[in-house]
Amino acid sequence: MDEKVAAIINKYNVDRGQLVSILQDIQAEYYYLSKEALIQVGETMAIPASRVYDVATFFRAFSLEPRGKHLLDVCLGTACHVRGAARLLEKIERSLAIKRGGTTEDRKFTLETVNCMGCCAVGPAVKIDGEYFGQMSTDKVDNLLTKFE
Ligand code: FES
């Protein structure tokens, strides 16, 4: 029994109509929805586990895999690609010691790639937690990463 999950459920008065909000809050706390958390929600709220699981998998915003605190997207679209996005991605993978799609062991970063984030003019670009960083280069990577604790 996870105390934080219990507190979130209680905050919504164990209201089944608030299931999505409860799952959102749990994900905000842990950055993903663990199997244990989903079971606890189902048992506490008397909702079948299959229903909780259906809701958790229906919304793309929910992740059932461990995620990092910060989501780092590297753009590999054409405009960024011709300006060295592949090298940039390699450098970020080395710095974080993970491959794309992975999450660092300390759960600080999840690294993903996208195919264009609409700011081609300032490519190569990366996005961290929704904030864009353009004109990136391999030698700016480590400095940028240290800004995210
Ligand atoms: S190709 Fe990277 S922002 Fe468009």
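Further up the page is the structure itself.
Conventions used here
Residues numbered from 1 in each chain as written. Predicted model: local features only at pLDDT ≥ 70, side-chain atom pairs only at ≥ 80, totals over all residues. Heavy atoms only, no water. Salt bridge = Lys/Arg side-chain N within 4 Å of Asp/Glu carboxyl O. Buried < 20%, exposed > 50% of the residue type's maximum accessible area, 1.4 Å probe, protein only. Helix = DSSP H or I, 4+ residues; strand = E, 2+ residues; numbered from the N terminus. Axes fitted to C-alpha atoms, helices over the stretch in contact; angles between N-to-C directions. Left-handed = near helix turned anticlockwise from the far one by under 90°. Contact = heavy atoms within 4.5 Å. Nonpolar A, V, L, I, M, F, W, Y, C, P; charged D, E, K, R; others polar. Pairing = 2+ DSSP bridges. 1 Å grid on protein atoms, 1.4 Å probe; cavity = no way out; pocket = protein on both sides within 12 Å on 5 of 7 lines; lining within 4 Å. Points joined across faces, edges and corners; volume = space filled by probe spheres on them. Phe/Tyr/Trp six-rings, centres within 6.5 Å; stacked < 30°, edge-to-face > 60°.

**Describing the pattern of salt bridges**
A pair can form between side chains of opposite charge whenever their charged atoms are brought close.
In step 1: This model, assessed by the stated rule, comprises 6 salt bridges.
In step 2: In this structure, the salt-bridge partner of Lys99 is Glu93, at a minimum N-O distance of 3.8 Å.
In step 3: On the basis of relative accessibility, which here comes to 58%, the residue Lys99 falls in the exposed class.
In step 4: We note a salt bridge from Glu149 to Lys108, for which the minimum N-O separation is 3.5 Å. In this pair, Glu149 sits in the segment after helix H7 (138-146) while Lys108 sits in the loop between helix H6 (85-96) and strand S2 (109-114), placing the two residues 41 residues apart along the sequence.
In step 5: You can call Lys108 partly exposed: its relative accessible area is 22%.

**Re the packing of helix H2 (residues 19-30) against helix H3 (residues 35-45)**
In step 1: In the contact formed by H2 and H3, the axes pass within 11 Å of each other and the chain directions differ by 145°. The hand of the H2/H3 crossing is right-handed. For the pair H2 and H3, contact is made by Leu19, Ile22, Leu23 and Ile26 and by Ala37, Leu38, Val41 and Met45, respectively.
In step 2: Each residue belonging to the contact of H2 with H3 can be placed in one class, and the counts come to 8 nonpolar, no polar and no charged.

**Considerations on the sheet that holds S2**
In step 1: Strand order in this open sheet of 4 strands is S2-S1-S3-S4, and the pairing throughout is mixed. Looking at the sheet topology across the chains shown, the edges are occupied by S2 and strand S4 (131-133). Each adjacent strand pair in this sheet contributes to an overall mean axis angle of 25°, direction not counted.
In step 2: Looking at chain direction, strand S1 (residues 70-75) and S2 are connected through 6 bridges and run parallel. Across the sheet, the residue bridging to His70 is Phe109, located in S2.

**Focus: the layout of surface pockets**
In step 1: A volume near 300 Å³ is recorded for the largest pocket.
In step 2: Lining of the largest pocket is provided by Gln27, Tyr31, Arg60, Ala61, Phe62, Ser63, Arg67, Gly68, Lys69, Leu71, Glu112 and Asp129.

**Focus on the packing of aromatic side chains**
In step 1: Here the structure, examined in full by the defined rule, presents 3 aromatic pairs.
In step 2: A ring pair is formed by Phe59 and Phe62, whose centres lie 5.9 Å apart and whose planes are at 85°; its orientation type is edge-to-face.
In step 3: Assessed through its relative accessible area of 34%, Phe59 is described here as partly exposed.
In step 4: Ring centres of Phe133 and Phe148 lie 6.1 Å apart, and the angle between their planes is 90°; this geometry places the pair in the edge-to-face category. Here Phe148 lies in the segment after H7 and Phe133 lies in strand S4, a separation of 15 residues in the sequence. Just as Phe133 is buried, Phe148 falls in that class too.
In step 5: Here a set of aromatic residues connected by ring pairs shows up, and it is made of Phe58, Phe59 and Phe62.

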